[in-house]
Number of protein chains: 2
Amino acid sequence: MNIILLSGGSGKRLWPLSNDIRSKQFIKIFKSKDGTYESMVQRMYRQIKTVDPDATVTIATSKTQVSAINNQLGEDVGISIEPCRRDTFPAIALATAYLTDVMHVPADEAVVVCPVDPYVEEDYFEALKILCERAATGSANLVLMGMEPTYPSEKYGYIMLAADQVNEPGDEVAFSQKTWKASLPDEVSHESGNATLGNERERLLGKCNYNPLGEIFSKVSEFREKPDLETARSYLAQGALWNGGVFAYRLSYVLNKAHELIDFTDYNDLLAKYGILDKISFDYAVVEKEPDIEVMRFSGKWKDLGTWNTLTEAMEEPVIGEAILNDKCEDAYVINELNVPVLAMGIKNAVICASAQGILVSDMQQSSYIKPFVDKIDDRIMFSEKSWGSYRVIAVEEGSMTVMVTLNPGHGMHYHSHKLRDEVWTVISGEGTAIIDEIVYRVKPGDVLRMRAGQKHKVIADSELKIIEVQIGEEISVDDKEKFPF
Amino acid sequence: MNIILLSGGSGKRLWPLSNDIRSKQFIKIFKSKDGTYESMVQRMYRQIKTVDPDATVTIATSKTQVSAINNQLGEDVGISIEPCRRDTFPAIALATAYLTDVMHVPADEAVVVCPVDPYVEEDYFEALKILCERAATGSANLVLMGMEPTYPSEKYGYIMLAADQVNEPGDEVAFSQKTWKASLPDEVSHESGNATLGNERERLLGKCNYNPLGEIFSKVSEFREKPDLETARSYLAQGALWNGGVFAYRLSYVLNKAHELIDFTDYNDLLAKYGILDKISFDYAVVEKEPDIEVMRFSGKWKDLGTWNTLTEAMEEPVIGEAILNDKCEDAYVINELNVPVLAMGIKNAVICASAQGILVSDMQQSSYIKPFVDKIDDRIMFSEKSWGSYRVIAVEEGSMTVMVTLNPGHGMHYHSHKLRDEVWTVISGEGTAIIDEIVYRVKPGDVLRMRAGQKHKVIADSELKIIEVQIGEEISVDDKEKFPF
């Protein structure tokens, strides 16, 4: 399977874990089997590789996320980097060209595109495989995955099906089909007679329900924007599905569309022109104009973890980090990234999250509404994941900022200088090599290096290297940085 | 008025604001008239000096609190330092000897002793003046202040009155006396006829109620320990008062008692022998053996701010520090000593407190029960007030600790060395003079000083001086410190 993961923007709805440069998909919040925590992107990557070890995974993202992706997934993953923000059509076109021209995937193969942030299980990726296969071999130009609604939501778009493919209320057979589930061969509970479990593919399809014609793919009639509650109810009555933004197509299909709309030769040319491309959405450029679209129902686990109340539902344990909860706490979740403890007493139905960025204490319901308040908060970046490790601000004072810098073994930062600040490095653990204005120093714990404004400097870690960096200057800014080759 | 303020031990019930070395009385949580925050001890000292500018104030305390007292009250306040912990009789005897021998107060004057931590208004100190005056001029050896109970509390000791001095239930005159209040001359509401507002003293006595005999002092019959609820109710029916630990006596009275029990000549001799004194309480040594004790009723504001639910009641505004509360919050209090924001959403009847020590999020009722949980928490001191300023731990790692040191202008730390750690100082603001192994350095922002284990060092601030201190060593402990004269 070829898969493009869309790794989107910054998330303020999960403040203080997410910030302007750490998007929610990089937060390590999910406990994996070995007891360590993994992020959404790590979890999804692991799931894909479990379901299909040969999958070609490409992450379509912006420049700011590349360090975090390499840090969390290693260097093997494909990354299609958008040089600047355009809309979804240029982004998907670029990633598609990346697959053919950089990853050398034949243009008659199909690819499935899906967002990186829903919380899903492996059956989701089994379904994506089927979707991808259908796109490669079927006649439809686009094959979507439609999520079976569990309530009349106002926050999703809806996929409307052709009338003959929709269950009628009270239709017993249709109903039993809708509820038919079989996640493992031995657990098949086949409540109606007209869906045939003929082969391995259909067994894996456990959670991809059949339409009333006994097909797993239905014809799409149209798309609807986020509705109000009453409209959402009527959509559900019409058998509509949530639009999860998951779709598959043959590479050639989107490349042709791209060539129709954009004058470019190949991936590198498209990349070079990216900044001058029109902002246009994939929906507008492709989906709305395409008459031949199919959708596959999916009723397995699919959760949008965009807000604290949904994110906490996916936590296997109520506490991550150092925290004590007394026995009067109920439905209380604590995520503590600080190195001091949280004590929660008698807290009910709430989330507590402490990071270097700030502290959130929110009633679960209210946690959906934090964005306007977070917008008011000074958005100084207090921590950041880099390709070489990470940094965390530990003290901010007038005229100075103190940072803990951690370099991963074998990694080094860019050779760079600052115009408006001096820096003092005190090595607290690990060993490595520092270079200041072309002079090389071996460093170990207790060593101190002092860089005046304008002096070029970098450090490379042998073992994990931790440094306390004191920045001193009238104006301290992340933008005050000039990089040099070395 | 002479007054001894008993400034007691460490408080875990107000964690994370209080810790093993910052007792609750030093937490700056009360908004004063000029908008700055003051601590319990600062508030009380200011109130005393307002009521009686000539008051001789002596704080009886342990060595660990001297820095914080000098830092918060200046150098003028008298401090009777207990070299080690004995019980209340040695502590009060030492402070009494301090008054006569160090402060040169004549032994026939009286002193009033009171704890430093109740939350009171100025009428309380007006009452203390009267108490002190009665002890000096009256016949009783001890004059107590009894707090008029507002509910049958199980957490206070009770002062029982002689039978003829107690109001009978249904006694209309007595009842009206008990509720008689007059805090200011113009606001006198005199509901019964037999209490005479004859003079200035009685006007000030607004909140010191009269007993049924029309006297403001009653004879004490006995003392009772903290009762259970039912017993407390019966005490209230008998007209008993809460024992707030406030009492006055002539200096000579306690000095005589001390000489009876301890072989010493004067203050310095008592101080020298302090470590070998028996642990004995003032109640056991003096109060229980004294037949001639009077009590004065007090029904003004008197709150024990020992737990979060009582402390928050005394907060003038629900937020101290950087915090945003949305409009769905009710009865939510935030004290944030960190330099990142707290966002509270829909939090009701709860306290949120964040300090370098940790983060508490507690239902108001449950906040009384934090102690056993705090006992479990690693009690590494993350901040401390010193006579020369303060320090705050900003990062703890294996083999290192990073601290922000702030020196007040004109102050300097002791000349000292460490056996097991190196230190690196990076000056981030202010100017001063550092001394390392007898060599003097002028320091300014950006300067770096490096002290190897064993090297003697100190720094003195000209202007407020801030330093990032990185401590590096296998074993980092506050006990690893040798002081030298300089």
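Analysis parameters
- Residues numbered from 1 in each chain as written.
- Chains lettered and ligands numbered in written order.
- Predicted model: local features only at pLDDT ≥ 70, side-chain atom pairs only at ≥ 80, totals over all residues.
- Heavy atoms only, no water.
- 1 Å grid on protein atoms, 1.4 Å probe; cavity = no way out; pocket = protein on both sides within 12 Å on 5 of 7 lines; lining within 4 Å.
- Points joined across faces, edges and corners; volume = space filled by probe spheres on them.
- Helix = DSSP H or I, 4+ residues; strand = E, 2+ residues; numbered from the N terminus.
- Nonpolar A, V, L, I, M, F, W, Y, C, P; charged D, E, K, R; others polar.
- Core = buried A, V, L, I, M, F, W, Y, C linked by side-chain atoms within 4.5 Å.
- Buried < 20%, exposed > 50% of the residue type's maximum accessible area, 1.4 Å probe, protein only.
- Contact = heavy atoms within 4.5 Å.
- Salt bridge = Lys/Arg side-chain N within 4 Å of Asp/Glu carboxyl O.
- Pairing = 2+ DSSP bridges.
- Phe/Tyr/Trp six-rings, centres within 6.5 Å; stacked < 30°, edge-to-face > 60°.
- Lys NZ or Arg CZ within 6 Å of the ring centre and 35° of its normal.
- pLDDT = per-residue confidence, 0-100.
- Buried area = accessible area lost by both parts, 1.4 Å probe.
- Axes fitted to C-alpha atoms, helices over the stretch in contact; angles between N-to-C directions.
- Parallel < 35°, antiparallel > 145°, perpendicular 65-115°, else oblique.
- Left-handed = near helix turned anticlockwise from the far one by under 90°.

Asker: Sorry if this is basic, but what is going on with empty space enclosed by the protein here?
Answerer: Take a probe with the size of a water molecule and roll it over the atoms, and the empty space left behind shows itself. Evaluated as defined, the whole model comprises 6 cavities of 30 Å³ or more. For the largest cavity, the calculated volume is near 330 Å³. Considering the residues around the largest cavity, the lining is formed by 19 residues, among which L338 and I394 of chain A together with L338, R392 and I394 of chain B are closest to the centre. Taken together, the elements giving at least two residues each to the lining of the largest cavity come down to β21 (389-397) of chain A together with β21 (389-397) of chain B. If you tally residues by element for the lining of the largest cavity, the top one is β21 of chain B, at 4 residues. Of the residues contributing to the lining of the largest cavity, the split by class is 13 nonpolar, 4 polar and 2 charged.

Asker: Hey, could you run me through the nonpolar core in this one?
Answerer: The biggest cluster of nonpolar side chains holds 72 residues, and the ones touching the most others in it are L407 and V459 of chain A together with L407 and V459 of chain B. Once residues lying within four places of it in the same chain are set aside, the contact partners of L407 of chain A are W388, G412, M413, V459, A461, S463, E464, L465 and I467 of chain A.

Asker: I keep staring at the pattern of salt bridges and nothing clicks. Help me out?
Answerer: In a structure, side chains of opposite charge can pair up when their charged atoms sit close to one another. All names here are of chain A. Evaluation of the coordinates by the stated rule reveals 42 salt bridges over all chains. In this structure, K31 and E317 form a salt bridge, with 3.0 Å as the shortest nitrogen-oxygen distance. Of this pair, K31 sits in strand β2 (residues 30-31) while E317 sits in the loop between α11 (308-313) and β14 (319-320), and the two are 286 residues apart along the sequence. Since its relative accessible area comes to 36%, E317 is described here as partly exposed. Between K444 and D447 there is a salt bridge; the shortest N-O distance is 3.4 Å. With relative accessibility at 44%, the residue K444 sits in the partly exposed group.

Asker: I keep staring at the sheet that holds β14 of chain A and nothing clicks. Help me out?
Answerer: Across a sheet, strands are paired by hydrogen bonds formed along the backbone, either parallel or antiparallel in direction. If you trace the 6 strands from one edge of the open sheet to the other, you get β14(A)-β16(A)-β18(A)-β19(A)-β17(B)-β15(B), paired in mixed fashion. Of all strands in the sheet, those with a lone pairing partner are β14 of chain A together with β15 (323-325) of chain B, marking the two edges.

Asker: Mind showing me how you'd approach the packing of aromatic side chains here?
Answerer: Two numbers describe a pair of aromatic rings. These are the distance of the centres and the angle of the planes. All names here are of chain A. Summed over all chains, the structure comprises 28 aromatic pairs over all chains. Ring geometry for Y98 against Y267: centres 5.4 Å apart, planes inclined by 70 degrees, an arrangement best described as edge-to-face. One end of the pair, Y98, is in helix α3 (residues 88-101); the other, Y267, is in helix α9 (residues 267-273), and 169 residues separate them in sequence. The class for Y98 is buried, based on a relative accessible area of 9%. A residue is classified by how much of its surface remains accessible, and Y267, at 9% relative accessible area, is buried. Here the aromatic cluster, defined as three or more aromatic residues joined through ring pairs, consists of F89, F247, Y249 and F282. When the ring centre of Y284 is taken as origin, the NZ or CZ atom of K289, which lies over that ring, is 4.4 Å away.

Asker: How do you make sense of the confidence of the model for chain A when you look at a structure like this?
Answerer: Caution applies to low-pLDDT parts of the model: their predicted coordinates are not meant to be read in detail. Residue and element names in this part refer to chain A. Of all residues in chain A, 89% attain a pLDDT of 70 or more, and the chain-wide mean is 87. Low pLDDT, under 50, characterises residues 169-204; the stretch is placed with 52 contacts to residues that sit more than four places away or in other chains. Quick note on the complex model: pTM equals 0.79, ipTM equals 0.79.

Asker: Would you take a moment to explain the interface of chain A and chain B for this structure?
Answerer: In many analyses, interface size is given as the accessible surface area lost on bringing the parts together. Each partner contributes residues to the interface: chain A has 53 residues there, and chain B has 53 residues. Counting the surface lost from both chain A and chain B, the interface buries some 4300 Å², and carbon and sulfur atoms represent 70% of this. Area buried by chain A at its contact with chain B is led by L343, M345 and I359 of chain A, which between them contribute 16% of it. Where chain A meets chain B, there are 4 salt bridges. The salt bridge partner of E397 of chain B is K466 of chain A, with a shortest N-O separation of 2.7 Å. Residue contributions to the side of chain A that touches chain B peak at 6 residues, all from strand β19 (residues 358-363) of chain A.

Asker: How do you make sense of the packing of helix α1 (residues 40-51) of chain B against helix α4 (residues 122-137) of chain B when you look at a structure like this?
Answerer: Axes are the key here: two packed helices are described by the angle between their axes and the distance separating the axes. Residue and element names in this part refer to chain B. Look at α1 against α4: their axes get within 9 Å of each other, and the N-to-C directions meet at 60 degrees. As far as their axial angle goes, α4 and α1 are oblique. Remark: the crossing between α1 and α4 carries right-handed chirality. Mapping the contact onto sequence places M44, Q47, I48, T50 and V51 in α1 and E122, F125, E126 and K129 in α4. Of the residues in the contact of α1 with α4, the class split is 4 nonpolar, 2 polar and 3 charged.

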